[in-house]
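Breakdown of the fold
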Amino acid sequence: MANSLHSSTSFISNPVNFGHSKIPAQIPGSVSFPSRYLHNFNLNKSDRRVLRVMACSGVEEVQVDVSLSPRVNAVKPSKTVAITDQATALAQAGVSVIRLAAGEPDFDTPVLIAEAGINAIREGFTRYTPNAGTLELRSAICHKLKEENGLSYTPDQILVSNGAKQSILQAVLAVCSPGDEVIIPAPFWVSYPEMARIADATPVILPTRISENFLLDPKVLESKLTEKSRLLILCSPSNPTGSVYPKNLLDEIARIVAKHPRLLVLSDEIYEHIIYAPATHTSFASLPGMWERTLTVNGFSKAFAMTGWRLGYIAGPKHFVAACNKIQSQFTSGASSISQKAGVAALGLGYAGGEVVSKMVKAFRERRDFLVKSFGELEGVKMSEPQGAFYLFIDFSSYYGSEAEGFGKIENSESLCRYLLDKAQVALVPGDAFGDDTCIRISYAASLTTLQAAVERIKKGLLTLRPGVPV
């Protein structure tokens, strides 16, 4: 039947009353539901929600359970994705929105990498690969980790996935049991706590201070570790702050971690190559005694401008990587064969991505310097100058409490971002998404011209606000 919702199976439900008729619990046969009736559904108020739909073949009513898993209900949607989608929708509607919310380089994928993907298609390299990734790519990753990070792995200790995000989630699922604690310094990437919740683990958030460059205090870490502590997540360079952990601080953290046999470390190093001298990158697994308990995650999206290629990887002890591999085998299977060929080409560009990546990093640094200088001129704004990545995490809390004409009161980072999107047409991400409501994240993965226009709009929008908190 056209324009109908149709099922050829039996419907099992509790008996229901419709008019003067009682519907049996089991209704055999095929029942069709014309689409014109679908507007008649309603949801009850109990936790077990029921969708009521009118039927047309002598059966007046059935019940469909539309409740969701408690695990899903516990997960919050990503604010970065939501704001990016909202800004995109405005732009498509003709609004001149400057989008500085997404963590995506504005550069095209380097030509040599793109050509490797194109050649893979032309040469018919378009079939499934081994679940863990091609031996060619995993061998190239091993070489990269040895040469650039001082880490020794074999190909069976590498798992290639559809982006570093998948690598992280699978690691959390592989090592965490219900009730385990995942230790996450704040500000954090928005997905870390939600991934812990998906694994039925408990995220334990450790605040940091802007005056200390948003770096984790080892004493705070030590005071929060318990027998339930299973995984510590470190991100350096950091999203959203751009902070880089110096080696001496990582050494202190490693000494604390070593005291706890159950505690593993997930080291998210996706921004490794986007770093500004004199800052240097240290892989946590390279520290004494940490290789055995560290899961190192990296990928191609950020440094090589390959966000759409969806390619990341995890490296670690075989026991843990094999567990991640098993999850992936029942989840997505292997990454795109085409993307993997492109990944091999990316790793062949030279140490740390060679001149191609170096040019992008130089541009990011120029943009960072411009933003730091520009926002440093604003009254009441606090900043920690980022040493890596392409984000500025700015404390705008002095503007909270202000009244905006035609908008209302600026109460927190979310209302300030909504105000700036509404009045200045600039899309930013509120800090509460990252665990720090005093700040707002600005992505400078955009051209200098775009950033100059954004700063002008933001300053103009803030001029009408009177700082509500004395500085």
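Up top you'll find the structure we're talking about.
Residues numbered from 1 in each chain as written. Predicted model: local features only at pLDDT ≥ 70, side-chain atom pairs only at ≥ 80, totals over all residues. Heavy atoms only, no water.

Another aspect to go through is the overall build of the protein chain. The helix and strand inventory of the protein chain stands at 13 helices and 22 strands. Within the protein chain, the proportion of its 471 residues that are buried is 51%. Total accessible area computed for the protein chain in this model is approximately 22200 Å², and 53% of it derives from carbon and sulfur atoms. (Helix = DSSP H or I, 4+ residues; strand = E, 2+ residues; numbered from the N terminus. Buried < 20%, exposed > 50% of the residue type's maximum accessible area, 1.4 Å probe, protein only. Areas by Shrake-Rupley, 256 points an atom, 1.4 Å probe, with all protein chains shown as cover.)

Bringing the pairing of strand 15 (residues 294-299) into the picture now. Most of strand 15 is tucked away: 6 of the 6 residues are buried. Of the two faces of strand 15, the one lined by Thr 294, Thr 296 and Asn 298 and the one lined by Leu 295, Val 297 and Gly 299 are each fully buried. Strand direction decides the pairing type here: strand 14 (residues 264-268) and strand 15, joined by 4 bridges, are parallel. Of the residues in strand 15, the one forming a bridge with Ser 267 is Thr 296. (Pairing = 2+ DSSP bridges.)

Okay, the pattern of salt bridges next. Inspection of every chain in the model, using the stated rule, returns 15 salt bridges. Residue Glu 272 pairs with Lys 144 through a salt bridge whose shortest N-O separation is 3.0 Å. Remark: Lys 144 occurs in helix 4 (residues 135-149) and Glu 272 occurs in the loop between strand 14 and strand 15; sequence separation between them is 128 residues. Relative accessible area serves as the criterion here: at 6%, Lys 144 is assigned to the buried category. Close ionic contact of Asp 180 with Arg 262 constitutes a salt bridge, the shortest N to O distance being 3.1 Å. Here Asp 180 is found in the loop between helix 5 (164-175) and strand 11 (181-186), whereas its partner Arg 262 is found in the loop between helix 8 (247-257) and strand 14, with 82 residues between them in sequence. Via salt bridges that share partners, Lys 144, Glu 148 and Glu 272 belong to a single interconnected network. (Salt bridge = Lys/Arg side-chain N within 4 Å of Asp/Glu carboxyl O.)

Regions of empty space are outlined by a rolling probe, equal in size to a water molecule, passed over the atoms. Taken as a whole, this structure holds 3 cavities of 30 Å³ or more when the rule is applied. Lining the largest cavity are 16 residues, with Pro 185, Pro 187, Cys 235, Ser 238 and Tyr 245 positioned closest to its centre. Listing elements by their share of the lining of the largest cavity, those giving two or more residues are strand 11 and strand 13 (229-235). Split into classes, the residues belonging to the lining of the largest cavity amount to 12 nonpolar, 4 polar and no charged. In this model, the second largest cavity occupies a volume close to 70 Å³. Surrounding the second largest cavity, Lys 144, Ile 270, Glu 272, His 273, Asn 298, Gly 299, Phe 300, Ala 303, Phe 304, Tyr 313 and Leu 347 form its lining. Split into classes, the residues belonging to the lining of the second largest cavity amount to 6 nonpolar, 3 polar and 2 charged. (1 Å grid on protein atoms, 1.4 Å probe; cavity = no way out; pocket = protein on both sides within 12 Å on 5 of 7 lines; lining within 4 Å. Points joined across faces, edges and corners; volume = space filled by probe spheres on them. Nonpolar A, V, L, I, M, F, W, Y, C, P; charged D, E, K, R; others polar.)

Looking now at helix 8. Every buried residue of helix 8 is accounted for by Leu 249, Leu 250, Asp 251, Ile 253, Ala 254, Ile 256 and Val 257. Where helix 8 is buried, its residues meet helix 7 (218-224), strand 13 and strand 14. (Contact = heavy atoms within 4.5 Å.)

Moving on, we come to the layout of surface pockets. Roughly 570 Å³ of volume is contained in the largest pocket. Lining of the largest pocket is provided by 27 residues; of these, Gly 103, Lys 165, Trp 189, Lys 302 and Arg 310 occupy positions nearest its centre. Elements with a contribution of two residues or more to the lining of the largest pocket: helix 2 (79-92), helix 5 and helix 6 (191-198). When its residues are assigned to classes, the lining of the largest pocket shows 12 nonpolar, 9 polar and 6 charged. Roughly 390 Å³ of internal volume is contained in the second largest pocket. In this structure, the second largest pocket is lined by 18 residues; those nearest its centre are Lys 76, Pro 77, Val 190, Glu 194 and Ala 433. In terms of residues, the lining of the second largest pocket owes the most to one element, helix 6, which gives 6 residues. Here the residues of the lining of the second largest pocket sort into 10 nonpolar, 2 polar and 6 charged.

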